[in-house]
Amino acid sequence: MDYYLMQLVNGLSQGAIYALMAIGYATIVGVVGMVTFTHGEVIMIGAYAAFYAFSFFAENLFLGIITSFAASWLLGIVIYKVCYERFFDSPRHIPLICTIGFSMLIKNLAQIVFGPNMKAMPQPIDLGFINVLGVRINTIQILIIVIVISLSTILYIVNSKTRWGIQLRAVSQDKKASALMGINVQRTTMIGNCIGCGLGGVAGMLLAIYYQSILPTMGGVLGLKSFISSVLGGLTNIPAAALGGILIGVTENLGTAFLSNSYRDVFAFVFLVLVLIIKPEGISKKVGGRP
Amino acid sequence: MISNTFENVKKIYKKHAKIINIVLIILLLIIPRLMPNSYLMGIVCRILMYATLAGSLNIINGYSGQFNIGHAGFFLIGAYTEAILATTYGWSFWPAMIIAGIVTSIVGFLVSLPTLRLRGIYLAIVTLGFSEIIRIIALNWTDVTGGPMGIKGIPSPELFGFRISGPVDYYYIFLIVGILFLFITNRILKSRVGRSWISIREDELAAKSLGVEANRAKSANFMYGAFWAGIVGATYAPYYKFIASDMFTLDEGFNILAMVIIGGQGTLIGPFVGASIATLISEVFRFASQYRMVIYAILIIVMMWWRPQGLVGAYDSILAGDDKSLKKRKKSITQKVGDN
Amino acid sequence: MAEIILEAKGVSKHFGGLKAVENVDMEIYRGDIFGIIGPNGAGKTTFFNICSGIYEPTYGEILFKGEPIRNLNPEQIARKGMARTFQNIQLFKNMTVFENVRIGFHIRTKTRMFDAIFKNKTYQSDEEFVNEESMKIIDKVGLSAYKNTMAGNLAYGIQRRVEIARALALNPDILLLDEPAAGMNPIETNNLKEFIIKLNAEGYTIAVIEHDMKFIMSLTNRLLVLNFGEKISEGTPEIVKNDQNVIEAYFGKGKIAGGENS
Amino acid sequence: MRKYLSIIMTVVLLTALLAGCSNAPDSGGSGDSDVYKFAVFAPITGNYAEYGKGFEVATQMAADEINAEGGIDGKEIVLEVFDTKGDPKESADISRRVTENDEYLAVIGDFSSSNAMANAPILGEAGIVQLSPTASHTDYAGMNEYMFSIMGRQDGEAPFFSTYLLQKYAGAEDVGVIYINNDWGKSAYDNFMLQTEKDGLNVVSEENYVEGEKDFTSLLTKVRDSNPDTLALIMHANDVALIANQVNQLGWDVNLTALGPGTSMQIIELAGENVERLLLSTPFFITEENEEAWAWSEEFKSRAGFEPTVHPAVAYDTVYLLKAAIENIEGDVTRDAVREELQNLDGFVGLTGPIKFNESGDITRKYLIMEIEDGKFIQKTEFDYVD
């Protein structure tokens, strides 16, 4: 019994990481209205930004959060300019290919600039743990969950309470109408994209701390997982994307627990496909633009 | 500019169709004699292989407007089916190839079932998931697929007692597969079946209101595309004589997709151009060493900026978007459509 | 009395709490030109969408040639002989007029993949049939001049005609036209009216949605009036014209209607 | 009908373009030029770039050293690196390119078994040696007589690992096995399991993972549930480090042993204290005590910018192996002669230990036991190892 509880906790904490990535992903897709394959690279850049901040300045968590957020934000601007800006009226596969090309570009540049090898991530926080019902939970796991919850809350408040968040939502629902209402659609979209990227960057830093290592190619699998998680949540719904991430994490870990680790990614995908077949729009109702 | 060139080429071609056809066929047949260099022939073979593979993806993405990004999965099934039949059961290449195509097309049918309910990016993610699921199964089902050890020693095909191996011989197989693909696909596209696919791509609701059974047509379309992916996979396996699951990753699927889109969706010629460009770029920039893929990636992006509908993509399609400057050109181009 | 070709029995369609169509009965006889009118948002298009299978009715039953079709999807209904046009023109904009019409022949041809690959008899006779018949229809609708023009590049009024031509290719028992005169100038409207009457004379049963009273009064022989999703009147133009409910809907309360979208 | 023929035309045009722009291999070269040219196949880009870079640096290091000492019989060694991106299709095409150019005496590489095996028929037919430092597929070297691998056969290391390291040295009783699910991991695992059965070692749990996995928590939790006293990790350095870190996060007190990473400083750098007391089997070791290897490691680090793993070390040896083989040639230096002498090479001792090829072109290495103590590798000898 303990064993399955333990696996459940593993799943939850891994799911929390997926959730964090998925929140960023859903924000991007929600406001831009296009699917992106650059998110993995955004995550990677965030992790490397924090890595260099830790190495050159101080091993301070807040410094890490700010640097990774800022670096990914900047990358978000570039992504917006390269992959989205001129393609809002184009068929959707075109920006999609652009993002695939861009992610290839960033990944290969990163291998050249950062070096292709795996590096140890400095640990800005002490790795302690607490025991809950006989299950050991690490500080970093708690930290991740706390950050996921607080970021979702902040995002929710910004989105629903501030003027600016309302603009963001308006743009994500109808770009033309928003433009008619005097909203600067281009700028709002770009900022929305940057927020999503920034969140991805923070997720990257946390991941790197959690796994204590970074690698230029770490983004590939992670980007895919964030994509899957947010699809499960209907792609644009932020809380549902977070829930989707957690569900994927739990599915993977319980799949490993009950069956075999060899098919780990299969569990996630089969679960996803089943959900999609039963509820074609993911676990939530459609909110905002349909990508 | 490019499109003008193509239009001109087409015009010239139409004028002297017969002579050009004959010259072309002779040229195609003697290319290996003109280029006895097997490195270049190897690249030509790779281009031809990818061209047909991208073409088969184009059937799905370009002609029925569905969105498949996991084409590597179909490719894998074709390759493994042929390899298993040829090594474990000692089948000869030709029947194994057909069976590979059929098996892949059955799998294509199964994958298409969710299309009854899903569309757009949701369908895309199902195909992506399918591609990974298939790959992981191939990696783990050791008894049948050799698991991580892959399948080695896949025998070369034989034709009238000749063993076909090496790119110079194989060129003809890839060429025949490619030409057959174009020939058959062209016929289908110009029939009721092809028209129904295109009508679904352009406006599914309207197509339905005209009695086109969208779901059946989409399934058939998926099966047909998958069939050719299986055939190409089956020719791929004995060409390299060794296959393993790491040859069919998602990146490979993205690669095929990029070829289709660079070349242009919705035209038969597009994927061929895309496959050629993509393969050649990655070979020509070999001198750039570690910057090679950086250049490749930049070129993909530049291509999308410069010609989003692909180098020779269809103007006369919803896939080209709503670009006003394109619309003008559409008019002149569509004059040709009436006479087919 | 003639045979009832399309019949609605107590049809309702609810979207969540919104009652777009509520308990509507309708009978269309073979050979009629049947009109459905009502102010904007009265549920006319929704009702059409139910008849053609795009929506499934929440309650009620639709009978087409005496058969229940409520569970059929649009393509099955089209096969049974119902063709329609759309309010916001759903042409294949990137295809020529000729290609548009050819797709209309889908259900009347049989070519399958196998036939196409070998270009056998089925294929050949099908292609011949389609090409000939398409030309005939294009001529009949008066579109010969635009045969090879991209449908999306045509004027609005002509696009409507193309849509009708495409629907005629199905050789339908009934033709549903959803606001065919919308966006047309008076001359075009008049031409359209004559054209519809001509079609009717050739034996097509036609149902028309319209909110232009004048147009429909002079065109149809029977009418159904919807308001807020409910039937408020039915009968010949004469009866409807004098119905108090209709007058109220159009001139009285009609002004404040429009909170919903059909 | 017309359309598709115009397509053929485009293909022809593009082929012409291809013929024009790819610098046609100069097939005029001959064996008696004044350099010895080797082709190095490595994944310089793509997901295996980490290893490709190591290949590039290590082989160049060896070539530079040899050339600084006057080359082979006065002739310089020239290496030409070809990027294969880890894609067997590219690798095969590059192989053809090499076969058509007489200048290349032998091929060093490719990194992955998939690629090396796709190349094998092509290079074998042309009669060029493919000396892969790392291709570990059990069937690779036997594919034809021109194929060589110096990774070391797993029917050597895995039984050693089971018998001497686990049973005799560590005294393990209940072992949990985790292996990477690729050709190398699978064959090491299979050989390991055979030996454990003979040795009567109790394997309580066996799990594998797909390459690229980062999160081992659930897998470790599962293995932990079966209560092993020792974990046998069959994988490369990065993954050993990740697992060691995650074992620590789980707060699990278990003995760690590893087959595969060798004495990579990478492990210690990535996992620090968490790999303290990790036992591993290795054919050679890079420690400060082993001066030659240590100097090599320092040099590699300054050139590549990261710590060497076992892969660059074996890549480094391949160049010296070819040198030794060429020096043994008595007549003309031809591709066949290189193969002949490589096969017959005796008494060669490289950075990674003695190398002698068996019939099929594989080698069986001798292994040592190392332990990490205070962030350093220490050789262990106190066990009855029958040489």
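Just so you know, the residues in each chain are numbered from 1, in the order the chain's sequence is written. Following the order in which they are written, the chains are lettered starting with A and the ligands numbered starting with 1. In view of the model being predicted, local features appear only for residues whose pLDDT reaches at least 70, and side-chain atom pairs are presented and counted only at 80 or more, with totals across whole chains, interfaces and linings using the full set of residues. Values reported for side chains reflect all heavy atoms of the structure, with hydrogen atoms and water molecules removed beforehand.

*Asks:* Let's hear about the overall build of chain A: which residues, and what values?
*Replies:* A run of DSSP states H or I qualifies as a helix once it reaches four residues; a run of E qualifies as a strand once it reaches two. Both are numbered from the N-terminal end. Within chain A, the regular secondary structure consists of 11 helices and 4 strands. In this description the radius of gyration comes from C-alpha coordinates, and the expected globular size is given by 2.2 Å times residues to the power 0.38. In terms of overall size, chain A behaves like a compact globule, its C-alpha atoms giving a radius of gyration of 18 Å where 291 residues would be expected to give roughly 19 Å. The principal-axis extent of the C-alpha atoms belonging to chain A is close to 60 × 50 × 35 Å. We call a residue buried when its accessible area falls under 20% of the maximum for its residue type, exposed when it is over 50%, and partly exposed in between, using a 1.4 Å probe and counting protein chains only. Taken over 291 residues, chain A has a buried fraction of 64%. Residues count as neighbours in contact if any of their non-hydrogen atoms are within 4.5 Å of one another. In chain A, the share of contacts with a sequence separation of at least 24, taken over all contacts with a separation of at least 6, comes to 76%. For every accessible area listed, the method is Shrake-Rupley and the probe measures 1.4 Å; residues are considered covered only by the protein chains on display. Put simply, chain A shows about 10500 Å² of open surface, and 69% of that area lies on carbon and sulfur atoms. In this tally Asp and Glu are treated as negative and Lys and Arg as positive; neither His nor the chain ends contributes. Just so you know, the charge point we use is NZ for Lys, CZ for Arg, CG for Asp and CD for Glu. One way to put it: in chain A the 18 positive side-chain charges average out to a point 9 Å from where the 10 negative ones average out.

*Asks:* Outline the arrangement of the chains, supporting the account with residue identities and numerical values.
*Replies:* Looking at the 4 pairs of chains with contacts, the pair that accumulates the most is chains B and D. At no point do chain C and chain D touch; the closest pair of C-alpha atoms across them sits 12 Å apart.

*Asks:* Give a description of the sheet that holds strand E4 (residues 129-132) of chain D that names residues and reports values.
*Replies:* Residue and element names in this part refer to chain D. Note on pairing: two strands pair once DSSP finds at least 2 bridges between them. Pairing is parallel across the open sheet formed by 5 strands, whose spatial order is E2-E1-E3-E4-E5. Looking at which strands have only one partner, the edges of the open sheet turn out to be strand E2 (76-83) and strand E5 (147-149). The average undirected angle you get between the axes of adjacent strands in this sheet is 25 degrees. Structural elements are reduced to axes, namely lines fitted to C-alpha atoms, with helices fitted over the stretch in contact, and the angle between N-to-C directions of any two is expressed from 0 to 180 degrees. Here helix H2 (residues 49-68) sits on the sheet in contact with strand E1 (35-42), E2 and strand E3 (104-108), set at roughly 170 degrees to E2. Sitting on the sheet, helix H11 (residues 310-328) touches E1, E2, E3 and E4, and the angle it makes with E3 is about 145 degrees.

*Asks:* Tell me about the sheet that holds strand E9 (residues 255-259) of chain D, and please be specific about residues and values.
*Replies:* All names here are of chain D. Pairing in this open sheet of 7 strands is mixed, and the strands run E7-E6-E8-E9-E10-E13-E14 from one edge to the other. Across the chains shown, the open sheet's two edge strands, defined by having one partner strand only, are strand E7 (202-209) and strand E14 (376-380). On average, each strand axis in the sheet is tilted by 25 degrees relative to the strand beside it, whichever way the strands run.

*Asks:* Quick one: what's the story with the packing of aromatic side chains, residue by residue and with numbers?
*Replies:* Ring geometry is summarised as follows: Phe, Tyr and Trp rings, the Trp one being its six-membered ring, pair when their centres sit within 6.5 Å, and such pairs are stacked at plane angles under 30 degrees, edge-to-face over 60 and tilted between the two. For the structure on display, the rule yields 51 aromatic pairs over all chains. Pairing Tyr48 of chain A with Phe51 of chain A gives two aromatic rings, centres 6.2 Å apart and planes at 70 degrees, and the pair type is edge-to-face. One end of the pair is Tyr48 of chain A and the other is Phe51 of chain A, both in helix H2 (residues 39-56) and 3 residues apart, which spans about a single turn. Residue Tyr48 of chain A shares its accessibility class with Phe51 of chain A, and that shared class is buried. Put simply, the rings of Phe75, Tyr80, Tyr170, Phe174, Tyr236, Tyr239, Tyr240 and Phe248 of chain B pair up and form one aromatic cluster. For a ring to carry a charge above it, either NZ of a lysine or CZ of an arginine must fall within 6 Å of the ring centroid while also lying within 35 degrees of the normal to the ring plane. Just above the ring of Phe195 of chain C sits the side chain of Arg161 of chain C; from NZ or CZ to the centre is 5.6 Å. Between the NZ or CZ atom of Arg166 of chain C and the centre of the ring of Phe92 of chain C, over which it lies, the distance is 4.9 Å.

*Asks:* Please set out the interface of chain D and chain B residue by residue, giving values where relevant.
*Replies:* Contacts between the two partners involve 50 residues from chain D and, on the opposite side, 59 residues from chain B. Put simply, buried area is the surface a 1.4 Å probe can reach on two separate parts but cannot reach once they are joined, added for both. Interface area for chain D against chain B, summed over the two sides, is near 5300 Å², with a carbon-plus-sulfur share of 69%. For this analysis, a salt bridge means a side-chain nitrogen from Lys or Arg found within 4 Å of a carboxyl oxygen belonging to Asp or Glu. Between chain D and chain B we count 5 salt bridges in total. A salt bridge links Asp93 of chain D to Arg46 of chain B; its shortest N-O distance comes to 2.5 Å. Side-chain atoms alone can form a polar contact between residues adjacent in sequence; in general such a contact is a pair of N or O atoms within 3.5 Å, and within protein one must be able to donate a hydrogen while the other accepts it. For the pair chain D and chain B, the number of links is 13 residue pairs in polar contact (both at pLDDT 80 or more).

*Asks:* Any chance you could break down the domain arrangement of chain D for me, citing the residues and the numbers?
*Replies:* All names here are of chain D. Here the limits of each domain have been adopted from an automatic or database domain assignment. Here the domain parsing of chain D yields domain 1 (26-152 + 289-355) and domain 2 (155-282 + 368-386). The centre of domain 1, based on its C-alpha atoms, is set 29 Å off from the matching centre of domain 2. Counting residues at the interface gives 13 residues for domain 1, matched by 15 residues for domain 2. The tally of links from domain 1 across to domain 2 stands at 0 salt bridges. There are 3 residue pairs in polar contact (both at pLDDT 80 or more) connecting domain 1 and domain 2. For the side of domain 1 that touches domain 2, the secondary structure elements donating two or more residues are H2 and H11. Classification used: nonpolar for Ala, Val, Leu, Ile, Met, Phe, Trp, Tyr, Cys and Pro, charged for Asp, Glu, Lys and Arg, polar for all others including Gly. Grouping the constituent residues of the side of domain 1 that touches domain 2 by class yields 4 nonpolar, 6 polar and 3 charged.

*Asks:* I'd love a proper account of the side chain of Thr163 of chain D, names of residues and values included.
*Replies:* Assignment of secondary structure puts Thr163 of chain D in helix H5 (residues 154-169). With residues up to four places along the chain from it excluded, the contact list for Thr163 of chain D reads Lys168, Gln195 and Asp199 of chain D.

*Asks:* Mind laying out the interface of chain C and chain B, listing which residues take part and the relevant values?
*Replies:* Counting residues at the interface gives 38 residues for chain C and 39 residues for chain B. A buried area of about 3400 Å², summed over both sides, lies between chain C and chain B, and 59% of it is on carbon and sulfur atoms. Of all residues in chain C, the largest losses of buried area upon contact with chain B belong to Asn94, His106 and Met113 of chain C, amounting jointly to 19% of the total for that side. The tally of links from chain C across to chain B stands at 2 salt bridges. Residues Arg79 of chain C and Glu213 of chain B are paired through a salt bridge, measuring 3.0 Å at the closest nitrogen-oxygen approach. Remark: the boundary between chain C and chain B carries 8 residue pairs in polar contact (both at pLDDT 80 or more). Where the side of chain C that touches chain B is concerned, the elements lending two or more residues are helix H2 (74-80), strand E6 (82-84), helix H3 (97-103), helix H4 (113-118) and helix H5 (121-141) of chain C. Taken together, the residues of the side of chain C that touches chain B break down into 19 nonpolar, 9 polar and 10 charged.

*Asks:* Account for the pairing of E4 of chain D, with residues named and values stated.
*Replies:* All names here are of chain D. Across the two faces of E4 the burial is the same, with Val129 and Leu131 and Gln130 and Ser132 all buried. As paired elements, E3 and E4 share 3 bridges and run parallel to each other. When the bridges of E4 are listed, Ala106 appears paired with Val129. In terms of handedness, the path from E3 via helix H4 (residues 113-126) over to E4 forms a crossover that is right-handed. Across 3 bridges, E4 lies against E5 in parallel orientation. Its bridge partner being in E5, Ser132 is matched across the sheet by Ser149. A right-handed crossover is one whose linking path, passing over the helix from the first strand to the second, runs clockwise when the strands point away from the viewer.

*Asks:* Report on the pairing of strand E6 (residues 174-180) of chain D, specifying residues and quantitative values.
*Replies:* Residues and elements named next belong to chain D. Within E6, 6 of the 7 residues are buried, which leaves the element mostly enclosed by the surrounding structure. One ladder, built from 7 bridges, connects E6 with E7; its direction is parallel. If you follow Val175 over to E7, its bridge partner there is Val203. In terms of handedness, the path from E6 via helix H6 (residues 183-199) over to E7 forms a crossover that is right-handed.

*Asks:* Could you give me a rundown of the packing of helix H11 (residues 214-240) of chain B against helix H3 (residues 88-99) of chain D, with the residues and numbers involved?
*Replies:* Where H11 of chain B contacts H3 of chain D, the two axes come as close as 12 Å, and the packing angle between them is 45 degrees. Classed by the angle they form, the pair H11 of chain B and H3 of chain D counts as oblique. Judged by the sense of rotation from one axis to the other, the crossing of H11 of chain B with H3 of chain D is left-handed. Along the contact surface, H11 of chain B presents Tyr236, Tyr239 and Tyr240 of chain B, while H3 of chain D presents Pro88, Lys89, Ala92 and Arg96 of chain D. Along the lines of polarity and charge, the residues of the contact of H11 of chain B with H3 of chain D split into 5 nonpolar, no polar and 2 charged. With respect to orientation, any angle under 35 degrees is reported as roughly parallel, any angle over 145 as roughly antiparallel, any angle of 65 to 115 as roughly perpendicular, and every other angle as oblique. Here a crossing is called left-handed whenever its near helix is offset anticlockwise from the far helix by less than a right angle, and right-handed whenever the offset is clockwise.

*Asks:* Hey, could you go over the nonpolar core for me, with residue numbers and the actual values?
*Replies:* Among the buried residues, those of types Ala, Val, Leu, Ile, Met, Phe, Trp, Tyr and Cys that are joined through side-chain atoms within 4.5 Å form a nonpolar core. The biggest cluster of nonpolar side chains holds 392 residues, and the ones touching the most others in it are Phe227 of chain A, Ile243 of chain B together with Phe38, Ile178 and Leu231 of chain D. It is helix H3 (residues 38-63) of chain B that provides the largest number of residues to this core, a total of 17 residues. The contact partners of Ile178 of chain D, leaving out residues within four places of it in the chain, are Glu207, Tyr209, Leu219, Leu220, Val223, Leu231, Ala232, Leu233, Ile234, Met235 and Ile243 of chain D. With 26 residues, the next largest nonpolar core counts Ile28, Ile36, Leu224 and Leu226 of chain C among its residues.

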